Structures are given as C-alpha cells and as structure tokens.
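What follows is the residue order along each chain.
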Amino acid sequence: VLCDLEMPGERGIDLVKALQPRMPEVAVVMVSGRNDMSVITDCLEQGAYGYIFKPFQVREILVQIRGALRRQRLEKDAKNREGELFRMVLEQTQVIRESREEVALRLLSAAGFRDQETGMHVRRIGLYAAELAQLLGKPGEWIEDIRLAAPMHDIGKIGVPDAVLQKRGPLDDEEWAVMRRHPLIGAAMLKGSKVPFMAMAARIAACHHEKWDGSGYPRGTAGERIPLEARITTIVDVFDALSNARHYKRAWSDEEVRAELLACKGRHFDPGLVDVFLGAWDTFARILRENPDREETLDLDDGFIAEGA
C-alpha cells in the first residue's frame, strides 16, 4: 500500500495504525512532501515500511516497494520459523511429560502386584488431587506434578513383607509397626530426584499418613508443616477408599463419606481442604463415577521374547 501522509479526513498514519492489527501481511510505504525527521520516525515506529518524498521518480518508488516487500517477507519467514520452533518445543515437552508419566505408572504397576489396590484407584487419586489443586488456584505445572505424584503415595508398600501386606485379618501391634514403615520406605525410594513431580512424590509418600492434629505417622507432623501436596493426597485417598468396595469392606454411601470427612475435619484433615472438597462434591463424585474399578489381568504373552531372540 502506497499511502499519502496528508489525506481528506483522517491522516495516513491513522490508516497505518488501523491496517497493522487487521492486515499484518500488508506492507505500507508512506508518501509525503514533508521532510520532517520526527514525522518520518513516527511513521516508521507505527509500522510503515518506508517513506518517500514528493516529488518522486518511478525508479525510487520501485526501490522502496521492493525493499518493503523484502523486509515484510523476511519478517513473515521469521514468524513462521518461530511458530515452528514453538510447536516443536511443545511436542518435545509432551513427549518428556508422557515419558515421565509412563515411568511413574510402570513403577506403580510393579507395586500393584503386591498391594491390593487397583490401577484405577491410583489413577483416580491423581485426578482428584489435580482437581483439588486447581480449585485452590495452584499454577498449571504444580497441578500436573501432583496429578503424577499423588498416585505414588503408597509406593513404599513394595518394601513391606507379604505376610503383613496381604494378611486378610487385622494386624497385630508388631505387624502394624512394620506396615507403618511404608511412608519412610517410599520417601527413601523417591528422594533425591531432580524431576519436580518425583520430588513432590517423595514428600507425599513421607507424609500422607500424617494428620492435621499431629496424631499421624511416621513423625507426628501437624498442621501446615505437613506439605500441602500430602494434605491433598490424604483427603482424596480416604474419600476414594471409603467410596469403593474392597474384599474387607463395602462401599460407603455419599452421606456416610460426607459425614466421615466432616467428623475428621481439623483432626485428620486440613479443615480448609475439607471445605473446598465438600464444596465441589459433584466434581469428585463424577471422577469416581467415570473411572470405576475393573478387573485387571497381567498379559503374560511372551511373543516379544521370540521377536527379540
């Protein structure tokens, strides 16, 4: 676009300002008889690609147009490269995130062969925890980290002997002492990682049996000294455990679960988290409903061995 600086009605510079956001692919060259450096500078700062004085020669016009189009093309190519680079970064970030998630799920799968918890239970724990973190206004990365970290809360049970872990009846005092070591075992397994969600998982594993009033284990930590991610995991873990049937118990009704959470508010659970959780009850009930337990079997097909032989 060749645009005169002075026109009937609005000035040419106003046209430049209007064109830029609406038609960024258009290169504008200003034409004027005013040889005023401040005016020229203003035009270029507002997005003009060139400035021609009147009277002018045709050759001068062609030089300015070619220069403007060349610059505009270079800017367009740079934006395209920037967009492609951004897309590649997003794709690579997703690959890394999925790889980390798979490592976590594989580790949980190994623990699941010894524990009685289902794969859907640990999945739900991550979904509940992420939802509660979002309700608390936590940033996106923190929400994603707790979605991956919270399911690893009981990873330490992999270090508990079968005689204790899989005992059908009630545990005696000595067996309870052994069982209560699993938070420390889990924390020891996960600690030292530079991956944020693994570091968070270590804190959750260590503290998910602590209670708001300090009566929990393994250290008797109380109140806000318990990491927020562990306090979140504690309440969603209890909610899911009560809401689902196990070989040793029936599934509790919504009313019974609500009553239990309220009864434990300020004792077992962070009272503020209980309020937020109960205020969004329908959301957590939907997650529970959409991710039911199902029978899980191990695929023992050894075809991959033959393929690799």
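Residues numbered from 1 in each chain as written. Predicted model: local features only at pLDDT ≥ 70, side-chain atom pairs only at ≥ 80, totals over all residues. Heavy atoms only, no water.

A. Spotlight on the overall build of the chain. A count of helices and strands for the chain gives 14 helices and 3 strands. Evaluated residue by residue, the chain yields a buried proportion of 39% over its 309 residues. Of the contacts formed within the chain by residues at least 6 apart in sequence, a portion of 62% connects residues at least 24 apart. Of the roughly 18,100 Å² of accessible surface on the chain, 54% is carried by carbon and sulfur atoms. (Helix = DSSP H or I, 4+ residues; strand = E, 2+ residues; numbered from the N terminus. Buried < 20%, exposed > 50% of the residue type's maximum accessible area, 1.4 Å probe, protein only. Contact = heavy atoms within 4.5 Å. Areas by Shrake-Rupley, 256 points an atom, 1.4 Å probe, with all protein chains shown as cover.)

B. Broad picture of a nonpolar patch on the surface. A contiguous nonpolar patch, built from V1, M7 and L15 and spanning about 220 Å² of accessible area, is present on the exposed surface. Relative to the helices and strands, M7 is located in the loop between β1 (2-4) and α1 (12-22). Among the residues examined, M7 registers a relative accessible area of 33% and is labelled partly exposed. (Patch = residues over 30% accessible without salt bridge, like charges linked within 9 Å, V, L, I, M, F, W, Y side chains within 5 Å. Salt bridge = Lys/Arg side-chain N within 4 Å of Asp/Glu carboxyl O.)

C. Seen up close, the packing of aromatic side chains. One pass over the full model with this rule turns up 6 aromatic pairs. Ring centres of Y128 and F284 lie 6.3 Å apart, and the angle between their planes is 55°; on these two criteria the pair is classed as tilted. Placement of the pair is Y128 in helix α4 (residues 119-135) and F284 in helix α13 (residues 281-290), with a sequence separation of 156 residues. The burial state of Y128 is the same as that of F284; both residues are buried. Ring geometry for F277 and F284: centres 4.1 Å apart, planes at 15°, overall stacked. (Phe/Tyr/Trp six-rings, centres within 6.5 Å; stacked < 30°, edge-to-face > 60°.)

D. The nonpolar core, seen in detail. Grouped together as the largest cluster of nonpolar side chains are 43 residues, with contacts concentrated most on I146 and F277. Among the elements of the structure, α4, α5 (140-149), α9 (196-207), α10 (228-243), α11 (254-263), α12 (271-279) and α13 are those that each provide at least two residues to this core. The leading source of residues in this core is α9, at 7 residues. Setting aside residues up to four positions removed in sequence, F277 forms contacts with L132, I235, V236, F239, L261 and F284. With 13 residues, the next largest nonpolar core counts V16, L19, C43 and A48 among its residues. (Core = buried A, V, L, I, M, F, W, Y, C linked by side-chain atoms within 4.5 Å.)

E. Structural view of unusual backbone geometry. Each neighbour pair has its own omega, and for Y217 with P218 the value is 15°, a cis peptide bond. Mapped onto the fold, P218 is located in the loop between α9 and α10.

F. Up close: the side chain of N291. With respect to the helices and strands, N291 occurs in the loop between α13 and α14 (303-308). Looking at N291, the relative accessible area reads 8%, which means it is buried. Only 3.1 Å separates the side chain of N291 from the side chain of R123, close enough to count as a polar contact. Once you skip the residues sitting within four places of it in the chain, N291 turns out to touch M120, R123, R124 and L127. (Polar contact = N/O pair within 3.5 Å; in protein donor to acceptor, adjacent residues only side chain to side chain.)

G. Structural detail: the packing of helix α8 (residues 182-190) against α9. The N-to-C vectors of α8 and α9 enclose an angle of 165°; their axes lie 7 Å apart at closest approach. One finds that α8 runs roughly antiparallel with respect to α9. Crossing handedness for the pair α8 and α9: left-handed. Here P183, G186, A187 and L190 of α8 come into contact with α9, specifically with M198, A201, A202, A205 and A206. Among the residues making up the contact of α8 with α9, the classes are represented as 8 nonpolar, 1 polar and no charged. (Axes fitted to C-alpha atoms, helices over the stretch in contact; angles between N-to-C directions. Parallel < 35°, antiparallel > 145°, perpendicular 65-115°, else oblique. Left-handed = near helix turned anticlockwise from the far one by under 90°. Nonpolar A, V, L, I, M, F, W, Y, C, P; charged D, E, K, R; others polar.)

H. Region of interest: the pattern of salt bridges. Following the criterion strictly, the structure yields 12 salt bridges and no others. Of the charged contacts, one joins R87 and E84 as a salt bridge, the two residues approaching to 2.3 Å between their closest N and O atoms. Of this pair, R87 and E84 are both found in helix α3 (residues 58-112), 3 residues apart, which corresponds to roughly one turn of the helix. For the salt bridge of K167 with E175, the shortest nitrogen-to-oxygen distance reads 2.7 Å. Residue classification places E175 among the buried residues on the basis of a relative accessible area of 17%.

I. Molecular detail of the sheet that holds β1. The strand order across the open sheet built from 3 strands is β1-β2-β3, with neighbouring strands paired in parallel fashion. Each having just a single partner strand, β1 and β3 (50-53) make up the two edges of the open sheet. Strand-to-strand, the axes of this sheet are offset by a mean angle of 30°, without reference to chain direction. As defined by bridge partners, strand β2 (residues 29-32) adjoins β3 across 4 bridges and the pair is classed as parallel. Looking at β3, one finds that M30 is bridged to Y51. The strands that helix α2 (residues 37-45) touches are β2 and β3; relative to β3, the one it contacts most, it runs at about 145°. (Pairing = 2+ DSSP bridges.)

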